[in-house]
Amino acid sequence: MTRSNQPDPSASGHRNSGADWGVHAEWRWAGQSCHWRVLGDRASPALVLVHGFAAGSGHWRRNAAVLAAAGWRVYGLDLIGFGASSQPALWLDNRLWARQLRAFIEQVVQAPVVLVGHSLGGLVALSCAVFFPDLVRAVVAAPLPDPSLMLPPAGSHPRRRPLLRRLRRWLVNLLCRLLPLELLVPLLAHSPLLDLGIQSAYRTAVIGDGELHRVIAKPARRPGAVRALRAMSIAMALRPQAATAPALLKRLSQPLLLIWGLEDRLVPVLVAEQVGRLRPDLPLELIEGSGHCPHDEHPDAFNALLLQWLAQLPGSGPAASPGR
C-alpha cells in the first residue's frame, strides 16, 4: 500500500487537547479500517502513542499536545478491535497488533519512531520493537502488563506435550465461547457498572468525567465489540511463549523506560519488580498517588518524566528537548 496524503495539523479544525486531539484520518490495513490521528510539525521526530485495553487514542488527551509542543510529531493509532478501528473476529493478540503497528510506521509515518504504550499498548510496543527493530528507536511502557510475568521462568518446567497443548487450546476456546459476552458487554457498556470499572483503574475519583466515560463507552457500544473481545480473549490466552513479555524483554535491544502508578491495583508494582529481575538495566519511574493510568491521572508528572527521558535518547537533538 502506498502512503496517502497525511492530514496537516496546522489546518483548521484540529484540536490540541481533549479526547478529540489532533487531525483524524483513516488508513486501511489487511482489509481493516484503522483510525489514527496526528499532532505536531512534520519535520519533528516521530512518536506513536499506543492505547491500552478498552480505550483508544483519545485516552492520550492530556499528553499529545504537551509532547507536540516539546518538538515531537505525535501520532495516535487505534489498535484493531478498539477505538474507532475495525472490530473483527481476527486472531487479536500482541503479534497481530505489532504487525499493524509495523505497517503503520512503514506506510504512514515512514520514519523510525519512539513508541509509548499504556498497559496493553506497552506490550504491543515492546512486541513491535522486538519483531521489527529497525523501525523502533525506543519504547516506553506505562505500565507493562502480562500474566506470564508472574509465572515461573519458562526454562523451569518442561515444554507441554502436543496432546496437552491441543487440550489446552480446546479448553480455552470452549470457555471463551461459553462466556455470555453478548449479555455482559452491553450490560456493562450501558450501565453505571462501566463507571465503576473505569474507577478501578484510577486512584483519584473519575466518576463524573464525561469525556473519559465516552472514550471507554463508545467503542464498547459498537456492534463488533463482543466479537473482538472474544477473539482477543482466545488469542491472548493461546500465545506462544515467544510472544510473552518475559521472552520479549530478553530479546529487546532498544532503550525501554517503565513508568508505573505506585497505587496501580490492576497491574501492581509487584509486576514491575519482576520485570526488574528479568532486566535489571531498565529504568523504572514510579508516580505517587497514581493508579493504572498515570498518563491520564497525573499527566504533569508523566509528561515531565517522559520528556526528560526522551531528551536523553541518542540522536534526539534539540527538537525533542523539554520546553521547546
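Residues numbered from 1 in each chain as written. Predicted model: local features only at pLDDT ≥ 70, side-chain atom pairs only at ≥ 80, totals over all residues. Heavy atoms only, no water.

1. Re the sheet that holds strand E8 (residues 284-287)
With mixed pairing, the 8 strands of this open sheet are ordered in space as E1-E2-E4-E3-E5-E6-E7-E8. Each end of this open sheet is capped by a strand with a single partner; those strands are strand E1 (23-29) and E8. Looking at each pair of strands side by side, their axes are set apart by 25° on average, direction ignored. By the bridge criterion, 4 bridges tie strand E7 (residues 256-261) to E8 in an arrangement that is parallel. The residue bridging glycine 261 from the neighbouring strand is isoleucine 287, located in E8. Contacts from helix H3 (residues 120-131) reach strand E3 (46-50), strand E5 (113-117) and strand E6 (136-141) within the one sheet, and its direction differs from that of E6 by about 155°. (Pairing = 2+ DSSP bridges. Helix = DSSP H or I, 4+ residues; strand = E, 2+ residues; numbered from the N terminus. Axes fitted to C-alpha atoms, helices over the stretch in contact; angles between N-to-C directions. Contact = heavy atoms within 4.5 Å.)

2. Considerations on the packing of aromatic side chains
Using the criterion set out here, one finds 8 aromatic pairs in the structure. Note on phenylalanine 82 and tryptophan 97: the rings are 5.8 Å apart at their centroids and 45° apart in plane angle, and the pair reads as tilted. One end of the pair, phenylalanine 82, is in the loop between strand E4 (73-77) and helix H2 (94-109); the other, tryptophan 97, is in helix H2, with 15 residues separating them in the sequence. Tryptophan 97 shares its class with phenylalanine 82; the two are buried. Between the aromatic rings of phenylalanine 131 and phenylalanine 132, the centroid separation amounts to 6.3 Å while the plane-to-plane angle is 80°, which identifies the pairing as edge-to-face. Look at phenylalanine 132 and you get buried, because its relative accessible area is 17%. Put simply, the rings of Trp27, Trp36, Tyr75 and Phe104 pair up and form one aromatic cluster. Between arginine 37 and the ring centre of tryptophan 21, over which it is positioned, the NZ or CZ distance is 5.1 Å. (Phe/Tyr/Trp six-rings, centres within 6.5 Å; stacked < 30°, edge-to-face > 60°. Buried < 20%, exposed > 50% of the residue type's maximum accessible area, 1.4 Å probe, protein only. Lys NZ or Arg CZ within 6 Å of the ring centre and 35° of its normal.)

3. What about the layout of surface pockets?
Quantified by volume, the second largest pocket comes out at close to 370 Å³. As for the second largest pocket, its lining consists of 17 residues, and the residues nearest its centre are Ala19, Arg37, Arg214, Val215 and Lys218. Only strand E2 (32-39) and helix H7 (210-220) provide two or more residues apiece to the lining of the second largest pocket. Considering each element in turn, the lining of the second largest pocket owes the most residues, 5 residues, to H7. Here the lining of the second largest pocket is composed, by residue class, of 4 nonpolar, 6 polar and 7 charged. (1 Å grid on protein atoms, 1.4 Å probe; cavity = no way out; pocket = protein on both sides within 12 Å on 5 of 7 lines; lining within 4 Å. Points joined across faces, edges and corners; volume = space filled by probe spheres on them. Nonpolar A, V, L, I, M, F, W, Y, C, P; charged D, E, K, R; others polar.)

4. Quick look at H2
Within H2, 12 of the 16 residues are buried, which leaves it mostly tucked inside the rest of the structure. Listed as buried for H2 are Asn94, Leu96, Trp97, Ala98, Gln100, Leu101, Ala103, Phe104, Ile105, Gln107, Val108 and Val109. Trailing H2 by a residue or two, glutamine 110 shows a phi angle of about 60°, which is positive.

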